[in-house]
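Residue-level structure breakdown
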Amino acid sequence: MKVENAKVKVKERRCFKEASSVTRTLVIAGIIFIFAGICTLINAANSASITIGVRFDDVFDGRNPDGSPFEISEVLSDEVLGRAIERLEMKVTAEDLRRHLTVSDLFDQGRVKKGRDNINEGRDAYSDFPSTYQITYSSVSEQIKNEGIISCISVFFKHWGMPSKGKILETVGECAKEVFSENYVIDASAFDINWSGADELDYYNRALYVRKVIGRIGRLLFNEYSNDAAFEAARSAEGFGDIYKQINYINDVSIENFLSYVVKNGVTTNREVLLGQFGYMKDKNIEVYERNMEAYEINKKAIEMYDPHVTKVVFIPSLDSSKNFYMNRTKVGVDYLIENANSAKKAADDAQHNIVNYDYLIAQFAENQNSDETTHKKADELYDVVKEGVNAVVEEAKVVFDDHHATRYEFLNLSEPEGGFKLTSMIIYGGKLFVWLLLAAFVLVGIFTEIRNRVKR
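Below is a summary of the structure that appears in this document. Owing to the predicted nature of the structure, the values given are computational and were not obtained by experimental measurement.

**Quick word on the overall build of the protein**
- What the protein contains, in helices and strands, is 14 helices and seven strands.
- Long-range contacts, defined here as pairs at least 24 residues apart, represent 80% of the contacts in the protein between residues at least 6 apart.
- Element-wise, carbon and sulfur atoms account for 57% of the exposed surface of the protein, whose accessible area totals about 29000 Å².

Below, the structure is given as structure tokens:
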């Protein structure tokens, strides 16, 4: 009986230990689960994001609508963030705000498949330029984490008086749209002309100003025509090509008539100042002529030093666009010298032509010093003809440009801000954290138990 009672007690003690071990395990797992859940909630509340879609044709070639290189990092520029800070009335600097923001591109399955196909088919371009990006605002970003625990704690308290993450992201996105539109999207205001400033100039300089302005307008029209030659505006029977011809006609006829009359009759509002202008430009061109002639002579002497039998031609092995082998002629030192000599001679010839032209202008305006009221009146009439013609063409150009602009996608498209409370990502983050903490806890408990057992022995 005593032996049986002892066995029962041992068995009960063993069952109690096993029950205690299971209970302890469940308690530890529960504590870890709660801790992982709290960490998951904190991580989800730490950040929010907004998606920016770049909607214009040239982005797939990495260019802005005006042809300049596209850089997504500009959405976090000082200009954008400074405007957002002012609008939100925040008491931080652009650099402080940038510490919380990151921007990254988003790859979808279609773009991944396209890149894989390009690689498999041996194409040089493995992927297209991304057009969808994500801006993320994190209260404690990776940069702040790297700065240390003190920085993390200070940021936590600073955020109590700041707008919500969604509001900050919305404002930054709107400011990015505005700055992008102002800097890179060409609108009808590009055709505006400052006539009040032009009217204050001397007659000769008015012609130069108008010619320069319509030259800029003409280049813009020609560029639009080159990109879409068949376009016709709904509110006009003309296209960019028709308006470009009208601009050239005004330049070749109306402005030329006005300028010729002004020069022939020496019409000016301030003869002394105008002659001083011509004299300055003549002296400047004399200097350009002499400097380039010296460069031309130096390059000629250097060319004479080369042995033509040695430097006649050089070939290097190359591959063409189809990756076919061929021998390509490459430049040698004498080629660059010849190019430099030609460039210098052309610049000198242009300067010499300008010198002759300014001599003629000085002679014309110096001799015709008695232009009467009738002469000035005629010059004003010719100038009005120029203004009327330019204004008519510009108004027509604005109509065509606005209609064409409405058919293009030249803007940034913003999504609604999204918080970090996404069920799938939270489950993944919390599950990983729970498993790692649980494994660490069991390892530590195992080590502690082993040490305790050895001490008892």
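**Here's the deal with the nonpolar core**
- Ranked by internal contacts, the top residues of the largest apolar core, which has 41 residues, are Tyr204, Phe258 and Val390.
- When neighbours within four sequence positions are excluded, Val390 is seen to be in contact with Ile193, Trp195, Val210, Ile214 and Ile250.
- With 33 residues, the next largest nonpolar core counts Ala48, Ile85, Met90 and Tyr137 among its residues.

**Side note on the environment of Gly239**
- Along the chain, the position of Gly239 falls in the loop between α9 (203-227) and α10 (240-265).
- In this structure the C-alpha to C-alpha distance between Gly239 and Val399, which are 160 residues apart in sequence, comes to 10.0 Å.

**Re the side chain of Asn285**
- With respect to the helices, strands and loops of the structure, Asn285 is situated in helix α11 (residues 271-304).
- A distance of 3.1 Å separates a polar atom in the side chain of Asn285 from a polar atom in the side chain of Asn354.
- In this structure, Asn285 is in contact with Ala351, Asn354, Ile355 and Tyr358, ignoring residues within four places of it in sequence.

**Describing the pairing of strand β3 (residues 132-138)**
- Along β3, five of the seven residues are buried, which leaves the element largely enclosed by surrounding structure.
- Pairing of strand β2 (residues 101-105) with β3, which is carried by five bridges, proceeds in the antiparallel orientation. In the strand pairing of β3, Val103 is matched with Ile135.

**Points about the packing of aromatic side chains**
- For the structure shown, the criterion picks out nine aromatic pairs.
- With a centroid separation of 6.4 Å and an interplanar angle of 85 degrees, the aromatic rings of Tyr204 and Phe365 are classed as edge-to-face. Here Tyr204 is found in helix α9, whereas its partner Phe365 is found in helix α12 (residues 333-367), with 161 residues between them in sequence. A single burial state applies to Tyr204 and to Phe365, both of which are buried.
- Plain terms: the ring middles of Phe278 and Tyr358 are 6.1 Å apart, the flat faces sit at 40 degrees to each other, and that makes the pair tilted. Of this pair, Phe278 sits in helix α11 while Tyr358 sits in helix α12, and the two are 80 residues apart along the sequence. Per residue, the accessibility class of Phe278 equals that of Tyr358, and both read buried.
- Grouping aromatic residues by their ring pairs yields a cluster made of Tyr204, Phe278, Tyr358 and Phe365.
- Taking the ring centre of Tyr203 as reference, the NZ or CZ of Arg206 above it sits at 4.3 Å.
- Across the ring face of Tyr296, the terminal group of Lys345 is positioned such that the distance to the ring centre comes to 5.9 Å.

Each value, and the rule that gives it
- Residues numbered from 1 in each chain as written.
- Predicted model: local features only at pLDDT ≥ 70, side-chain atom pairs only at ≥ 80, totals over all residues.
- Heavy atoms only, no water.
- Helix = DSSP H or I, 4+ residues; strand = E, 2+ residues; numbered from the N terminus.
- Contact = heavy atoms within 4.5 Å.
- Areas by Shrake-Rupley, 256 points an atom, 1.4 Å probe, with all protein chains shown as cover.
- Core = buried A, V, L, I, M, F, W, Y, C linked by side-chain atoms within 4.5 Å.
- Buried < 20%, exposed > 50% of the residue type's maximum accessible area, 1.4 Å probe, protein only.
- Polar contact = N/O pair within 3.5 Å; in protein donor to acceptor, adjacent residues only side chain to side chain.
- Pairing = 2+ DSSP bridges.
- Phe/Tyr/Trp six-rings, centres within 6.5 Å; stacked < 30°, edge-to-face > 60°.
- Lys NZ or Arg CZ within 6 Å of the ring centre and 35° of its normal.

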